[in-house]
Amino acid sequence: MLSELQLKSKFVGALVGTGVGDTLGRPFEGFRRPFTVDTVKFGGKYTDDTEMAIGVAESLVEKQGFDGEHMAWTFIRNFNPSRGYGWGPPQIFKWIKEGLSWDKASRKLFNGTGSWGNGAAMRIVPIGTFYFDDFEELKKVAHQSSLITHSHILGIEGAVLQACSVALAVRLTPESFDPQIFVNKLLQIVQEDVYRKKLDIIRKFLRGKPDEVRIIEELGNGIAAFDSVPTALFSFLSHPKSFKEAVRYAVCLGGDSDTIGAMCGGISGAFHGVEGIPDEWRKNLENAEYIESLAEKLWQVKTTYKK
Ligand code: R7I
Ligand code: MG
Ligand code: MG
């Protein structure tokens, strides 16, 4: 059993970890090849990944649980175009403001198929922590929350996979961790072929770790949810002893590095708790105090709501 304080540290670690991974990865977004770890330094601002994760947490706190319409309007209120959003979300915000409902607007994207971008997965951390002890509810809420911006099944399933990874990381401690069992649990959850295949590749890579070029070839480092969620997960699973090593590794794979960094940081931060995040990174995160206090509030709502 986790103590209340351990749980609080995990809630805070997950959200701060998201912000730190995002900020570390931001300068390298779009690098085509993996590069050396020595080049990763902390500094600068976070991007849309963290801005939206903050929105998710704020809405869960204010409504004491998931409310899709409220969350959509929280995203709209927080939207800062200089944070580097994907093409879809600002368009959807406009449609919602024009009167489309929160769960229908996203279906208009890409000729009605909806987006398979990683935007629903990159912000999911507060849902993964808040519903960590109830997988059925977690899957349902992860799905619903995706619909605000991502209605393609592959965008949704990426968010469900990331949410469940965060929830498992909250439940486990370094003493009770086995990466193969972790992946097996996720295989019981995801249905879509592309994710099942990538989880199998992760199992193989965990047994004999290949070089970064091969990892990018087989798992991907792109903006599609299926090319980035598994990569972030692998970065965590292959570096379970240290937040710093896991997130540096994730960022150094290049490609969508802010997002892969944010998602790996969310899982690893949930696993180690906020004490596992280097002080220098934690203290220098933009809006650090606000982000930590927001995660603490989410934990407070969770512990009150349980009773
Ligand atoms: O998923 P989304 O919010 O973008 C998140 C990314 C992260 O890397 C952030 O750090 C930020 O930089 O953006 O935004 P979307 O516009 O929904 O998806 C991202 C991109 O994926 C789109 O702009 C398209 O280029 C591509 N994409 C698709 N292309 C064709 N058909 C997503 N879905 C489709 C599709 O169905
Ligand atoms: Mg971003
Ligand atoms: Mg990105």
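Per-chain numbering applies: the sequence of each chain, read as written, is numbered from 1 onward. Working convention: letters from A go to chains and numbers from 1 go to ligands, in the order in which they are written. At least 70 in pLDDT is required for a residue's local features to be given in this predicted model, at least 80 for side-chain atom pairs to be given and counted, and no such filter applies to totals for whole chains, interfaces and linings, which use all residues. Only hydrogens and water are set aside when side-chain values are computed; all heavy atoms of the structure are taken into account.

Peer 1: Can you walk me through the coordination of the magnesium ion (ligand 3) in this structure?
Peer 2: Each donor-metal-donor angle in an ideal tetrahedron of four donors is 109.5 degrees, and each such angle in an ideal octahedron of six donors is either 90 or 180 degrees. Coordination shells were defined by N, O and S atoms within 2.8 Å of each metal, extended to 3.2 Å for Na, K and Ca; water is absent from the atom set, which can make sites look incomplete. Distances from the magnesium ion (ligand 3) to its protein donors, Glu29 (OE), Asp256 (OD), Asp258 (OD) and Thr259 (OG1), fall within 2.0 to 2.7 Å. Under this scheme a four-donor centre is tetrahedral when all angles range from 85 to 135 degrees, a four-donor centre is square planar and a six-donor centre octahedral when opposite donors are above 155 degrees with the rest from 65 to 115, and any other centre is irregular. Here the magnesium ion (ligand 3) is ringed by six donor atoms whose angles at the metal span 80 to 174 degrees, and the overall shape comes out octahedral. Here the magnesium ion (ligand 3) and the magnesium ion (ligand 2) are spaced 3.6 Å apart, and both take Asp258 as a donor. Residue Asp256 shares its accessibility class with Asp258, and that shared class is buried. Only protein chains enter the calculation, and the probe is 1.4 Å; a residue is then buried if its accessible area is under 20% of its type maximum, exposed if over 50%, and partly exposed in between.

Peer 1: How do you make sense of the pattern of salt bridges when you look at a structure like this?
Peer 2: Oppositely charged side chains can form a pair if their charged atoms are brought close together. One speaks of a salt bridge when a side-chain nitrogen belonging to Lys or Arg is within 4 Å of a carboxyl oxygen belonging to Asp or Glu. Applying the stated rule across the entire model yields 16 salt bridges. Where Glu292 meets Arg282, a salt bridge forms, and the shortest distance between an N and an O atom there is 2.9 Å. Of this pair, Glu292 sits in helix α17 (residues 288–306) while Arg282 sits in helix α16 (residues 279–284), placing them 10 residues apart in sequence. Residue Glu292 shares its accessibility class with Arg282, and that shared class is buried. Here the salt bridges share partners, and the residues they tie into one network are Lys45, Glu51, Arg83 and Glu286. Runs of H or I in DSSP of at least four residues are treated as helices and runs of E of at least two as strands, each being numbered from the N terminus.

Peer 1: Can you walk me through the coordination of the magnesium ion (ligand 2) in this structure?
Peer 2: Surrounding the magnesium ion (ligand 2) are the protein donor atoms Thr47 (OG1), Asp48 (OD), Asp49 (OD) and Asp258 (OD), which sit 2.0 to 2.3 Å from the metal. In primary-sequence terms, the residues that donate to the magnesium ion (ligand 2) follow T-D-D-x208-D.

Peer 1: Explanation requested: the site of ligand 1 in the structure shown.
Peer 2: Neighbouring ligand 1 are 22 residues, the closest being Asp49, Gly88, Ser115, His150 and Asp256. Between ligand 1 and the protein, one listed contact pairs an oxygen atom with a backbone N or O atom of Gly88 at 2.7 Å. His150 has a polar side-chain atom sitting 2.7 Å from an oxygen atom of ligand 1. Here the Shrake-Rupley method, with its probe set to 1.4 Å, supplies the accessible areas, and only the displayed protein chains count as covering residues. A total of 700 Å² of accessible area belongs to ligand 1 in isolation, and the protein chains cover 83% of it. Put simply, the grid is 1 Å and covers the protein atoms alone, a cavity is a trapped set of points that fit a 1.4 Å probe, a pocket is an open set with protein on both sides within 12 Å along at least five of seven lines, and lining residues have an atom within 4 Å of a point. What decides whether a molecule sits in a cavity or pocket is whether more than half of its atoms lie within 2 Å of the grid points. Assessed atom by atom at 2 Å from the grid points, ligand 1 resides in the largest pocket. Secondary-structure elements contributing two or more residues to the shell around ligand 1 are α2 (48–63), α4 (88–97), α6 (119–122) and α15 (257–272). Nearness here has a simple test: a residue counts as near a molecule or strand if at least one of its heavy atoms is within 4 Å of that partner. Definition of a polar contact: a pair of N or O atoms within 3.5 Å, with one able to donate and the other able to accept a hydrogen when the atoms are protein atoms, and with sequence-neighbouring residues admitted only if both atoms are side-chain atoms.

Peer 1: Before we go on, may I ask you to explain unusual backbone geometry in this structure?
Peer 2: Glycine aside, residues mostly have negative phi angles, and peptide bonds mostly take the trans form. You will see that Asn111, though not glycine, has its phi angle at about 55 degrees, which is positive. Tracing the sequence through the fold places Asn111 in helix α5 (residues 109–112). Its relative accessible area of 83% is what places Asn111 among the exposed residues.

By themselves, these observations are geometric and do not establish any function.
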